[in-house]
Amino acid sequence: MEAAVTAGQLRERGNALFQAGDHAAALAAYTQALSLCDAEPERAVLHRNRAACYLKLEDYAKAEADASKAIEADGRDMKALFRRSQALQKLGRLDQAVSDLQRCVSLEPKNKAFQEALRALGSTMHEKMKTMSCTDSKVEQMFQILLDPAEKDADKKQKAAQNLIVLAREEAGAEKIFQSDGVRLLTQLLDTAKADLMLAALRTLVGLCSGHRSRTMAILVELGAPRLSAVLGVEHEQVSLAACNLLHVMFDSLKEGLQKDFRGKEDAVVLDSSKDLKLLIKHLLELLALEGASAHGRDNALNLLIKVVPRKSPKEANNSMSLWVIDQGLKKILEVGSTVCGAPGSLPVTENSRMSASVLLSKLYDDLKCDAERENFHHLCEDYVRSWFEGHELAGKLRAIQTVSCLLQGPSDAGNRVLELEGIMDSVLSLCASVCEAHQLVAVEALIHAADKAKRASFITANGVSLLKEIYKHSERDSIRIRALVGLCKLGSAGGTDFSMKQFAEGSTMKLAKQCRKWLCNETIDAGTRRWAVEGLAYLTFDADVKEEFVEDKAAMQAMFQLAKSEDRSVLYAVASTLVNCTNSYDHEEPDPQMLELAKYAKQHIPEQHPKDKPEFVKRRVRKLLTAGVVSALACMVKSENPALTNSCRELISRVFLALVEEAEDRGGVVAQGGGKALIPLSLEGTEVGQTKAAQALAKITITSNPEMAFPGERIYEVVRPLVSLLHLQRTGLENFEGLMALTNLAGISERLRQKILKEKAVPMIEGYMFEEHELIRLAATECMCNMAMSKEVQELFLAEGSDRLKLMVLYSGEEDEKLRRAASGTLAMLTALHPAICKRIPQVTVHWLEILQALLLSPSAELQHRGAVVVMNMMAAEREVAEQLIASEMLEILSVLAKEKDKPRVAQAAKESLAQAVAYGLIKPNPGQE
């Protein structure tokens, strides 16, 4: 049985790990040592060491806390004082940081590092004080200009407003405005009801609230939630959007307070921000059902609720905020979702409002954790629908049916439940035949949304198809006919991509698609109605014949792309679905041949691929989409901040992008049209599948393009994290391989990129793939490590005691695969040039080291010969004992021959230098015939 590890051993282990650059593991070792250690002096050292780890890991609050514990035990601990001063600087508490540094200097006056740090910090503080002193008068002056009714110079006012906003973005400026009675003055600007002054006030308040919980709470008290809610609901679209942005920042600051352990000055001011969060959310919910609120304000309130209420991840245990919103505001959200446009007393809404309500309902439902919570959600929805359906005559029935549509587009389980309430489906079918266009629209849309929900599809196929056909053929209104057509499209595509499962007679699907394209191109029809034509194509393009005709119709493609860029964002999912179908970028598994034979024998249905879905057809369709401008449309879709850009929609867009960059020759064009930029946010947010597809597309671009051209400026550093995500074990071999290849390219560019890769903890994963059985993945990992070895931190890993990294590189230098040998020997050449200690260790790692080096020197490849000659040259120069071992072997003869090679001057030069070193050691006599 293994002996129990001691605190001292753990501390030594932590020291070794820290030196090797594994700061997280070092922190774990020190923490474990603390749990075993009672002696106060030892505990102080461990706290001091943990502070160093936290500094490296950029957790400055914890670094300050641990350093403080070390100083409590020994007030003269200079290392702890210095580390605390570093942490305090990062936390912005410069006066305390100076105090600690002054103490360090008084304890060790001749220490130049302390003196330099104190001088630099003093200079920083002086600059800030200088800035602050001249800021005082500027703040006062700016408010005077903005609030003076006699000031008529518009340019002067605009400049003052801009200066105020810029000042608020800096922490020192934000604090100065706050301390100078700025919040009261900003409130006065809001109360002027002048759009330009209100915008200036809101944007300045964003700076004051960003990342500062105590200021946010004070501002909320001063302004009041009702005023903020009222500003959000104003008619002016830009003012409403600016208020939405401010509220989002306030939510983030308040939520941060709930999640983080705050220390220092803020503790004295801040108590609990959960009440403030609920107060703001309560007013947002009230705004939804407020008749006087603008349509844009209502949309912005929905967008905010989508962003701030549901949990970001199922790993978070607390879903109490969602439960509270469901209890307090579900009916208010349904008020928006059930609005019938044009009906007397209806709420002002935009074309996106009902979709936003559906997305919010869906996110709230997905945030529920148990059956009891879901059952409560269902009961509230059913009660709401009944309240309109029973006793409100026709207007109430329309509201009830509109609610069903809203739920079917969001949490479809809840939609199916209310659809089964007595009388609902009968009312939908009867209203489909209404002579009133508005009533018919509501009913037909409900029928369409119910058509692709499994529980009702068979019922609608039996009862709805004939009705929809009647409406399509005999209605005189395009708005009704186009919706009926979409219903038929949904029912007609029930077989998906299975060629043998046609729902309609031969040619019917093509006729429906042709009519959809015709309506899509008809600009005299409003965009809201044309959107339904795209909905139809999203279903019909499961059929390969429809795909082929669609990509041949340039006008239809252009019309769809224009809709994708329009303000009506509810079309995004339909556009993305159509493009996924055209590019065949949906998941499709190849059936097992044996299972196919069994299915035939058992006379079971076997899915069939359409002949026009073969790779050559797909490739041609992709080219036509690229020519038509699909990339700019997709890039525009990704920029959308609308709730319609759901995670599932993001995934569809990622799938399309991956299909577009499949061919290397197309990647440059995709990047030139903004594809590279659009892929970064897709790879960082959304479903896991969507993020992976986007990351793989980024990898393909990085492999074949110049990364610095494809991702200019700071953007190249944003690509690293998605690429590292492709190395995770749950990814496919192809994704691993492409991730490694892309990281190899990045690692060869600059030290800053290598540091970014290190920070993303990619090196252990890269090392893991160096043992992979698949030769291409093993090669890619070795090439990546070769480039990463240019970093000092990685070089130190090869020097670490007990590591097999060096042994692996030596052995790979003797493998049969020439590319693998090239990568491994290149790494050895670099490491031996930089670290003589590695030269001394090579003979110790494997008994085959000499024959591996000799094989390199005798290789027919000049490149391998050169790398081998450089390794030998470095080893000869490192130590006489190593040189003796080399010269005592056949190496002397090989070097003598290579030194005369005139066709390979670099190899000959390295060989000559090795022989000259042997002469210098006195191991061989100089050859008079040589220079």
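Residues numbered from 1 in each chain as written. Predicted model: local features only at pLDDT ≥ 70, side-chain atom pairs only at ≥ 80, totals over all residues. Heavy atoms only, no water.

### Concerning the overall build of the protein chain
Inference 1: Counting secondary structure elements, the protein chain contains 55 helices and zero strands.
Inference 2: The principal-axis extents of the C-alpha atoms in the protein chain amount to approximately 110 × 80 × 65 Å.
Inference 3: Sequence separation of 24 or more characterises 68% of the internal contacts of the protein chain that already satisfy a separation of 6 or more.
Inference 4: Carbon and sulfur atoms provide 51% of the accessible area of the protein chain, an area that totals close to 43,600 Å².
Inference 5: One finds the centroid of the 116 positive side-chain charges in the protein chain at a distance of 3 Å from the centroid of its 126 negative side-chain charges. (Helix = DSSP H or I, 4+ residues; strand = E, 2+ residues; numbered from the N terminus. Contact = heavy atoms within 4.5 Å. Areas by Shrake-Rupley, 256 points an atom, 1.4 Å probe, with all protein chains shown as cover. Lys, Arg positive; Asp, Glu negative; His and termini not counted. Charge placed at Lys NZ, Arg CZ, Asp CG, Glu CD.)

### So, helix 20 (residues 371–389)
Inference 1: With 19 residues, helix 20 should cover 27 Å at 1.5 Å per step; its first-to-last C-alpha distance of 26 Å lies within 8% of that length.
Inference 2: The inward-facing, buried residues of helix 20 abut helix 18 (320–337), helix 19 (353–366), helix 21 (393–409), helix 22 (412–419) and helix 23 (424–431).
Inference 3: Just beyond helix 20, the residue with positive phi is Gly-391, at close to 90 degrees. (Expected span 1.5 Å × (residues − 1).)

### Considerations on the nonpolar core
Inference 1: In this structure, Phe-377, Ile-653, Phe-657 and Leu-660 are the most contacted members of the largest nonpolar core, which totals 267 residues.
Inference 2: Setting aside residues no more than four positions away along its own chain, Ile-653 makes contact with Ala-576, Leu-634, Met-637, Val-638, Leu-645 and Leu-682.
Inference 3: By size, the runner-up hydrophobic cluster in this structure holds 15 residues, among which are Leu-10, Leu-27, Cys-53 and Tyr-60. (Core = buried A, V, L, I, M, F, W, Y, C linked by side-chain atoms within 4.5 Å. Buried < 20%, exposed > 50% of the residue type's maximum accessible area, 1.4 Å probe, protein only.)

### Here we look at unusual backbone geometry
Inference 1: A positive phi angle is found at Ala-193, which is not glycine, with a value near 65 degrees.
Inference 2: If you trace the backbone, Ala-193 turns up in the loop between helix 10 (182–191) and helix 11 (195–209).
Inference 3: Positive phi outside glycine occurs at Lys-761, with the angle close to 60 degrees.
Inference 4: Within the fold, Lys-761 resides in the loop between helix 44 (751–759) and helix 45 (763–769).

### Things to note about the environment of Asp-568
Inference 1: Considering the arrangement of structural elements, one finds Asp-568 in the loop between helix 31 (554–564) and helix 32 (572–583).
Inference 2: Residue contacts for Asp-568: discarding those within four places in its chain leaves Glu-351, Asn-352, Ala-527, Gly-528, Arg-531 and Leu-563.

### Looking at the packing of aromatic side chains
Inference 1: All chains considered together, the criterion is met by two aromatic pairs.
Inference 2: Geometrically, the ring pair formed by Phe-82 and Phe-114 is tilted, given 5.4 Å between the ring centres and 45 degrees between the ring planes. Pair noted here: Phe-82 is in helix 5 (residues 78–90) and Phe-114 is in helix 7 (residues 112–147), with a separation of 32 residues, a long-range link.
Inference 3: For Phe-82, a relative accessible area of 22% gives the class partly exposed.
Inference 4: Summarising the aromatic geometry, the rings of Tyr-365 and Phe-377 are spaced 5.1 Å apart at their centres and angled 65 degrees between planes, so their arrangement reads as edge-to-face. With Tyr-365 in helix 19 and Phe-377 in helix 20, this pair connects stretches of sequence that are twelve residues apart. (Phe/Tyr/Trp six-rings, centres within 6.5 Å; stacked < 30°, edge-to-face > 60°.)

### Section: the packing of helix 28 (residues 508–521) against helix 29 (residues 527–540)
Inference 1: In contact at an axis separation of 8 Å, helix 28 and helix 29 are set at 150 degrees when each is read in the N-to-C sense. Our classification of the angle between helix 28 and helix 29 gives roughly antiparallel. At the point where helix 28 passes helix 29, the crossing takes the left-handed sense. The residues of helix 29 that touch helix 28, namely those facing Thr-509, Leu-512, Ala-513, Cys-516, Arg-517, Trp-519 and Leu-520, are Arg-530, Ala-533, Val-534, Gly-536, Leu-537 and Leu-540.
Inference 2: Residue composition of the contact of helix 28 with helix 29, by class: nine nonpolar, two polar and two charged. (Axes fitted to C-alpha atoms, helices over the stretch in contact; angles between N-to-C directions. Parallel < 35°, antiparallel > 145°, perpendicular 65-115°, else oblique. Left-handed = near helix turned anticlockwise from the far one by under 90°. Nonpolar A, V, L, I, M, F, W, Y, C, P; charged D, E, K, R; others polar.)

### Some points on the packing of helix 16 (residues 274–288) against helix 17 (residues 295–308)
Inference 1: Where helix 16 contacts helix 17, the axes come no closer than 9 Å and their chain directions differ by 140 degrees. With respect to helix 17, the axis of helix 16 lies oblique. The element helix 16 and its partner helix 17 pack so that their crossing is left-handed. Two secondary-structure elements touch here, helix 16 through Ile-281, Leu-284, Leu-285, Leu-287 and Leu-288 and helix 17 through Gly-297, Arg-298, Ala-301, Leu-302, Leu-304 and Leu-305.
Inference 2: Per-class residue counts for the contact of helix 16 with helix 17 are nine nonpolar, one polar and one charged.

### Brief notes about the confidence of the model for the protein chain
Inference 1: Summary statistics for the protein chain give a mean pLDDT of 83 and a share of 90% for residues scoring 70 or more.
Inference 2: This model gives residues 259–271 a pLDDT under 50, and the stretch forms 15 contacts once residues within four places in sequence are excluded.
Inference 3: Per-residue pLDDT stays below 50 along residues 495–503; that stretch engages in 22 contacts with residues further than four places along the chain or on separate chains. (pLDDT = per-residue confidence, 0-100.)

### Considering the state of the cysteines
Inference 1: Enumeration over the complete set of coordinates arrives at zero disulfides.
Inference 2: In this structure Cys-37 is a free cysteine whose sulfur lies 16 Å from that of Cys-53, the closest cysteine sulfur available.
Inference 3: The class for Cys-37 is buried, based on a relative accessible area of 7%.
Inference 4: A disulfide-free cysteine, Cys-521 has its sulfur positioned 11 Å from the sulfur of Cys-516, the nearest such atom. (Disulfide = S-S within 2.5 Å.)

### Considering the pattern of salt bridges
Inference 1: Under the definition given, this model contains 43 salt bridges.
Inference 2: Its salt-bridge partner being Asp-66, residue Arg-50 comes within 3.0 Å of it at the nearest N-O pair. With Arg-50 in helix 3 (residues 40–56) and Asp-66 in helix 4 (residues 60–73), the pair connects residues that are 16 residues apart, well separated along the chain. There is no split in this pair, since Arg-50 and Asp-66 are both buried. (Salt bridge = Lys/Arg side-chain N within 4 Å of Asp/Glu carboxyl O.)

### Observations regarding the environment of Leu-776
Inference 1: With respect to the helices and strands, the residue Leu-776 is situated in helix 46 (residues 775–788).
Inference 2: Take Leu-776: its relative accessible area is 42%, and that puts it in the partly exposed class.

### A short note on helix 24 (residues 437–451)
Inference 1: When the terminal C-alpha atoms of helix 24 are compared, their 21 Å separation across 15 residues agrees well with the 21 Å that a helix rising 1.5 Å per residue should span.
Inference 2: Most of helix 24 sits out of view: 13 of its 15 residues are buried.

### As for the side chain of Ser-585
Inference 1: Tracing the backbone shows Ser-585 in the loop between helix 32 and helix 33 (593–601).
Inference 2: Within the local environment of Ser-585, its side chain forms a polar contact with the side chain of Thr-583, the two groups lying 2.9 Å apart. (Polar contact = N/O pair within 3.5 Å; in protein donor to acceptor, adjacent residues only side chain to side chain.)

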